[in-house]
Amino acid sequence: KTIYLKDYQAPDYLIDETHLKFELFENFTMVHAELHIRRNPDKQSDELPELVLDGQELELLTVVMDNVVINSNSYTVDDKSLTLQPNKNSFILKTTVRIHPETNTALEGLYKSNTMFCTQCEAEGFRKITYYLDRPDVMSKFTTTIEADQQSYPILLSNGNQIASGQEDDRHWATWQDPFKKPAYLFALVAGDLWCVEDSFTTMNQRKVDLRIYVEPENINKVNHAMTSLKNSMRWDEEVYGREYDLDIFMIVAVSDFNMGAMENKGLNIFNTSCVLARPETATDMAHQRVEGVVAHEYFHNWSGNRVTCRDWFQLSLKEGFTVFRDSEFTADMNSRTVKRIEDVAFLRTHQFAEDAGPMAHPIRPDAYMEISNFYTVTIYEKGAEIIRMLHTLLGKEGFRKGTDLYFERHDGQAVTCDDFVKALADANAIDLTQFKRWYSQAGTPQLEVLESYDSATKQYHLTFKQFCPPTPNQEEKQPFVIPVKMGLLNKQGQDLPLQLVGEGTLVGDVILITEAEQTFTFANVGEKPVPSLLRDFSAPVKLKFAYSKDDLLFLMQHDNDGFNRWDASQRLAIEAIQQQVVNYQAGNPMVLDSGLEKAYASLLADSSLDQAMVAEMLSLPAENYLVEISEVADPDAIHAARQFIRQQLANNLKGQFLTHYQANRAVSQQEAYRATADHIARRSLQNMALSYLMLTDDPQVLTLCLDQFKHSDNMTEQLAALTNLVNSPYESEKQQALVDFYEQFANDPLVIDQWFAVQANSQAGDSLARVVELMKHEAFTIKNPNKVRSLIGAFANNNLTGFHQKTGAGYQFLADQVLALNTMNPQIASRLLTPLTRWRKYDEERQQLMKAELERIMAADKLSSDVYEVVNKSLV
Ligand code: ARG
Ligand code: ZN
């Protein structure tokens, strides 16, 4: 069943207060709910409408309305709802249900992870806990009592402040009260034998907030990084947005079995262990940065999501796009801004552009869905954040802040829409954002083609922009977008010329505004033909087409004043070089290394004035997945071979330089204690980049270096990089030994074992599919744990291009089998796992048929979850 935005209706009833009591037992849980319900005053009608409460997989035991027991003849229950006919405008409804968290494998609602009870309610999990108006525009004050066995569950947590507790025999209880009204999706409960690290934060108004991070005992030494990140986030939100925390306590709980990254439940964030635990010996630099980013993301939701929430789930990007923008700016402020931008754009181009070009393409504010869980997408999150970033660019820092201040002030305590957000920004700045809002309603990635012409007689330089957005499902035609293009014109010395616009068009600072399908801008007083640097800092989520010559790209790589565009020039150069070899490979011609690319790399390696992080970013060739995305028809074997060939040639030809960098940086790593700071991370990334090239040279001396790094590093960043290189090397016995040693060293640390699975799933050597199948039987693997599924099955299907796309179709068949296995067990994970199969249109006819056949096989299975059904169905249209 499809749900449409245009059908939105305000709720007939509101719930002012919600009083819950949970009795947790090993074989069942009782949930007693007392709901203070009244008619919605905004909805007038003479008759009292029916009350339809959402509820799924609940065993209804009693219904009491205003202290009168309601006979089962007077209500109806089906597998999705409980319907009653009230006879008063306001009343108290009490229900008791029995549920089974102990057998809940979907990890939605109340469930068990290891020995603890925990919850995940967003988007529609609360209805699996009790009968309720499970929609975000119903906001209520919650009081929650949890009762459980004292021995097994000494810690009992819910949202807000603990207001009472007690004990009776071997059971104890605690009552929590949340003073802020909230939608049910922000409800949380945790019960378990947990340890915590405590700290505190003093807010800008000198209120002391108690901070606690709860983990299972064995993880207690892995929370410092998250705690520091939390305090930095709290300070940053005060400084940058003027947002202060509002409760006396803020808690994070780490759980091993979690469908997503983390969840912003009011005052009680619940995290996937992978997004909170980190220490140098077990977590890579990337993992440390992910922890910092996710801690910030969930914390920032306290304002962008909780204090001001979404009216309905079509508005999901209201909180997610905005909050991703906030967390990425936070990370940029804490680390290297340019590197963060490069990482975000590379991710967007690889994953979101592919989604936007596929069968699941949707605008950041979708107008229809079947299963909302399927819409927690890179489009809603990452493209959503890009749309907010464009608003920030258009309004400027101060104007944007004025807008968000008005938004928070106007809508505090409300459930609102994306329109409300844009209106607050527009009102605060007295500007018209009507056309800009097309970004909210139109899907697809616009292409922006740019043509230049220079007139030396008039000293005028013209840029003509043509925008075009390809059709997406149910959207044939698109209206022109507002595209802010941040730019510069470089003279021969690589300096930015002053921008002087004459004639039509808008230029604000260094940003020109494209608003039409085709538009020409004329710049005056341009003394020589410049090299344009366009879309600096990736100022809009579009595909920019400009016929740069190789020399232009080399020039921009060295001279552009915008770090992002220096990197982008290096990527364009590499893409061209790889694509030429793809053609050679397909034609059976010998492949050759472009000398321009080699020269560019040599000069990067030779320039000691450059930021090491930038050098590492510029030396990494575009990922295979991105090369797939930009192909008309993707040839996995050719892409892999061409990219690998170029890596190999660069390694051979620049070996000396790589070795110098490797040894210099490795020496520093051995001297300095690990720190997850931008400069240390930069150094290690250049070191590991150099190592990965060196390992292609088949030099036994390099093997020695790699083995040394594997055995004698004090941090996972170096150790895992070494392991990855060994696994992809031809040194069979060293590789097997390293895998055995690594497993033994970390057998007790599930998050490290996830890395061990992923490295093997991504292996380019040998029969990786057979290895993945074998690893699924490994003692450390379980399909019930989403992190395990993602690190083995997900990593193989998403990142092992040649393994997954092998011509036999065995990779596709394997993935479809796993989707079917997970379909009933955990529909959200099953549906996510499907993504690579949905991209079948990208490949050659033969592969298309094989991939489609697997989608059809899934479609034909019985009892498909709505999650899987929606994705398969849309993929086959
Ligand atoms: N709101 C969470 C976050 O972005 C994600 C929750 C996702 N839940 C889901 N069922 N898909 O931080
Ligand atoms: Zn979020």
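Residues numbered from 1 in each chain as written. Chains lettered and ligands numbered in written order. Predicted model: local features only at pLDDT ≥ 70, side-chain atom pairs only at ≥ 80, totals over all residues.

- Within an unreviewed UniProt entry, the label attached to the protein chain reads Aminopeptidase N, and the organism entered is Entomomonas moraniae.
- Under the heading Cofactor (unreviewed entry), UniProt records this for the protein chain: "Zn(2+)". (UniProt positions renumbered as here; feature names shortened; annotations may be inferred.)

**Examining the site of ligand 1**
Part 1 of the reasoning: Close to ligand 1 lie Glu122, Ala123, Asn259, Met260, Ala262, Met263, Glu264, His297, Glu298, Glu320, Ser373 and Tyr376.
Part 2 of the reasoning: Looking at the shell around ligand 1, the elements with two or more residues in it are strand 20 (262-263) and helix 2 (285-300).
Part 3 of the reasoning: Grouping the amino acids of the shell around ligand 1 by side-chain chemistry returns 5 nonpolar, 3 polar and 4 charged. (Near = placed C-beta within 6 Å. Helix = DSSP H or I, 4+ residues; strand = E, 2+ residues; numbered from the N terminus. Nonpolar A, V, L, I, M, F, W, Y, C, P; charged D, E, K, R; others polar.)

**Things to note about helix 10 (residues 595-606)**
Given 3.6 residues per turn, any residue in an α-helix points the same way as the ones three and four places further on.
Part 1 of the reasoning: Helix length check: helix 10 (12 residues) gives 16 Å between terminal C-alpha atoms against 16 Å at 1.5 Å per residue, within 8%.
Part 2 of the reasoning: Elements that come into contact with the buried residues of helix 10 comprise helix 8 (550-559), helix 9 (563-587), helix 11 (612-619), helix 13 (636-653) and helix 14 (655-671). (Expected span 1.5 Å × (residues − 1). Contact = placed C-beta atoms within 7 Å.)

**What to know about the environment of Asn798**
Part 1 of the reasoning: Turning to its location among the elements, Asn798 is positioned in helix 21 (residues 786-799).
Part 2 of the reasoning: Under the C-beta neighbour-count criterion, Asn798 is labelled partly exposed, with 18 such atoms within 10 Å.
Part 3 of the reasoning: Between the C-alpha atoms of Asn798 and Leu834, which are 36 residues apart in sequence, the distance is 9.8 Å. (Buried ≥ 20, exposed ≤ 12 C-beta atoms within 10 Å, placed from the backbone.)

**What about the pairing of strand 14 (residues 161-168)?**
Part 1 of the reasoning: Little of strand 14 is tucked away: 0 of the 8 residues are buried.
Part 2 of the reasoning: Across 7 bridges, the pairing between strand 14 and strand 15 (residues 171-177) is antiparallel. Residue pairing across strands places Gly166 opposite Trp173, the latter belonging to strand 15.
Part 3 of the reasoning: Here strand 14 hands over to strand 15 after 2 residues, with Asp169 in that stretch at a positive phi of 55 degrees. (Pairing = 2+ DSSP bridges.)

**Some thoughts on the nonpolar core**
Part 1 of the reasoning: In this structure, Val190, Ala191, Val253, Ile270 and Val276 are the most contacted members of the largest nonpolar core, which totals 245 residues.
Part 2 of the reasoning: It is helix 5 (residues 378-411) that contributes the most residues to this core, 11 residues altogether.
Part 3 of the reasoning: Residue contacts for Ile270: discarding those within four places in its chain leaves Cys118, Gln120, Ala188, Val190, Val253, Val255, Ala262, Met263 and Asn265. (Core = buried A, V, L, I, M, F, W, Y, C linked by C-beta atoms within 7 Å.)

**Observations regarding the UniProt feature "domain: Peptidase M1 alanyl aminopeptidase C-terminal" (unreviewed entry) in the protein chain**
Part 1 of the reasoning: UniProt records the feature "domain: Peptidase M1 alanyl aminopeptidase C-terminal" (unreviewed entry) for residues 551-876 in the present numbering.
Part 2 of the reasoning: Along residues 551-876, the helical share is 75% and the strand share 0%, with 44 Å between the first and last C-alpha atoms.

**Here we look at the sheet that holds strand 17 (residues 195-202)**
Part 1 of the reasoning: Spatially, 5 strands are ordered 17-18-19-21-20 in an open sheet, and the strand pairing comes out mixed. Of all the strands in the sheet, just strand 17 and strand 20 have a single pairing partner and so form its edges.
Part 2 of the reasoning: Two elements, strand 20 and strand 21 (residues 268-272), share 2 bridges in a ladder whose sense is antiparallel. Residue pairing in the sheet places Ala262 in a bridge with Phe271 of strand 21.

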